[in-house]
Amino acid sequence: MKGWQFVGTNEPLELIEKADPVVEAGKVVIDVKVAGLCHSDVGVLRDPGWLELLGDLPIIMGHEVAGVISEIGEGVSDFKVGDKVAVCPTGPSKTTPGYHYDGGFGTKVLAPAEDLILIPDGVSFAQAAAGTDAGMTSYNATFTKGGVEAGMTVGMIGIGGLGQIALEAALAKGAKVYAIDTNPNARALAEELGATAVFENVKEISNYQPDVIIDFAGFDITTREALESVGFQGKVVLVGMGKLETTINVTSMITKQATLVGSNGGTKEDIVAVYDMIAKGQLHPKITEITFDEIPEGIQLLEDNKVTGRLVAVMDR
């Protein structure tokens, strides 16, 4: 098998060839069809603070995995060879591809069967890969942590790979969504998806008194201004990790009786819900495709904020 291997902070990914994984009890071997790329991959490459989240190095990166089962380990009864599956990166095994074991930037992945989700008809491998982390995380932040329901007024900061999915899902559920992004292409995408209005700065939505603001950017000022702009007794859900430290205006937070909650990942059930919305035509994730060989360049595009929607690598393209 081939894979793009992480060796250390600020070191380039290394293209390697190694022996195919040997199937183990309770696990399956997946022939990767599509792997998603995420802004957290940029964080792993550039910020030494991410090292504590990783297992032994070197490791093949890629935590958004979709493919076809080619081998089944002893004791696996819920899946069979030939099944189209995706891997929940925050599944019951408490291990994550690309962090604790070789991930989707390789051509094969050995994954715990308990973390797998069947990909239904009507959902492509590219959509399935994007749905694992981006879809799961945005769905969980919006509906589980944010409690978004029909009729609510919602602010969404950062209409990237996660935000665009959350925006469309919230609209499908009947919420009114105001989108914020500094990137003009992202603002254009938000308008295309049907946002009620689109802005460049967070404070521009304060007059609408949002019930919930979801911060998919997490760049310090975005979180602080979200707390200053949310409505009385409103909630701010922090998802983005653009900066790992922030400061807040406690006066506005206290007087508004606002709530700030963190949201990270989600569950297999969240992914199933996302796949169901895609299959029903309620979600149409914006996806940009690259090849396996272009994965390092793709991560650079993410770092340079030059990607609209979600970026995925198609292995056999």
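Residues numbered from 1 in each chain as written. Predicted model: local features only at pLDDT ≥ 70, side-chain atom pairs only at ≥ 80, totals over all residues. Heavy atoms only, no water.

(A) Looking closely at the domain arrangement of the chain. The domain architecture assigned to the chain consists of domain 1 (2-133 + 266-275 + 285-314) and domain 2 (135-262). A C-alpha centroid distance of 27 Å is found between domain 1 and domain 2. Between domain 1 and domain 2, the contact holds 21 residues from the first and 19 residues from the second. Interface area for domain 1 against domain 2, summed over the two sides, is near 1,500 Å², with a carbon-plus-sulfur share of 58%. Counting across the interface, domain 1 meets domain 2 through zero salt bridges. Broken down by secondary-structure element, the contributors of at least two residues to the side of domain 1 that touches domain 2 are helix 2 (125-145) and helix 7 (268-279). By residue class, the composition of the side of domain 1 that touches domain 2 is eight nonpolar, eight polar and five charged. (Domains from an automatic or database assignment. Contact = heavy atoms within 4.5 Å. Buried area = accessible area lost by both parts, 1.4 Å probe. Salt bridge = Lys/Arg side-chain N within 4 Å of Asp/Glu carboxyl O. Helix = DSSP H or I, 4+ residues; strand = E, 2+ residues; numbered from the N terminus. Nonpolar A, V, L, I, M, F, W, Y, C, P; charged D, E, K, R; others polar.)

(B) Examining helix 1 (residues 39-46) more closely. Most of helix 1 is tucked away, with six of its eight residues classed as buried. Looking at the packing, one finds that the buried side of helix 1 touches strand 1 (2-6), strand 3 (27-37) and helix 8 (295-303). (Buried < 20%, exposed > 50% of the residue type's maximum accessible area, 1.4 Å probe, protein only.)

(C) Layout of the environment of Trp 50. By secondary structure assignment, the location of Trp 50 is in the loop between helix 1 and strand 4 (59-60). Here the alpha-carbon distance between Trp 50 and Met 152, two residues 102 residues apart in the chain, equals 35 Å. Contacts of Trp 50, omitting those with residues within four sequence positions, involve Ser 40, Gly 43, Val 44, Tyr 99 and Met 241.

(D) Structural detail: unusual backbone geometry. For the peptide bond that leads from Leu 57 to Pro 58, omega is 0°, which places it in the cis range. Locating Pro 58 in the fold gives a position in the loop between helix 1 and strand 4. Not every positive phi belongs to a glycine, and Asp 220 is a case in point at roughly 65°. The residue Asp 220 is located in the loop between strand 12 (212-215) and helix 5 (221-229) in this model.

(E) Here's a closer look at the packing of aromatic side chains. Applying the stated criterion across every chain, the model contains four aromatic pairs. Plain terms: the ring middles of Tyr 139 and Phe 143 are 4.8 Å apart, the flat faces sit at 50° to each other, and that makes the pair tilted. In this pair, Tyr 139 and Phe 143 are both assigned in helix 2, four residues apart and thus about one turn of the helix distant. The pair formed by Tyr 139 and Phe 143 is uniform in burial state, with each residue classed as buried. Taken together, the aromatic side chains of Tyr 178, Phe 199 and Tyr 208 make up a single cluster linked through ring pairs. The ring of Phe 143 has Lys 173 lying over it, and the distance from NZ or CZ to the ring centre is 5.7 Å. (Phe/Tyr/Trp six-rings, centres within 6.5 Å; stacked < 30°, edge-to-face > 60°. Lys NZ or Arg CZ within 6 Å of the ring centre and 35° of its normal.)

(F) Seen up close, the packing of helix 2 against helix 7. With their axes 8 Å apart at the nearest point, helix 2 and helix 7 run at an angle of 110° to one another. Between helix 2 and helix 7, the angle falls in the class roughly perpendicular. Residues Gln 127, Ala 128, Gly 131, Thr 132, Gly 135, Met 136, Tyr 139, Asn 140 and Thr 144 of helix 2 lie in contact with helix 7, whose contacting residues are Asp 270, Ile 271, Ala 273, Val 274, Tyr 275, Met 277 and Ile 278. Residues of the contact of helix 2 with helix 7, tallied by class, amount to nine nonpolar, six polar and one charged. (Axes fitted to C-alpha atoms, helices over the stretch in contact; angles between N-to-C directions. Parallel < 35°, antiparallel > 145°, perpendicular 65-115°, else oblique.)

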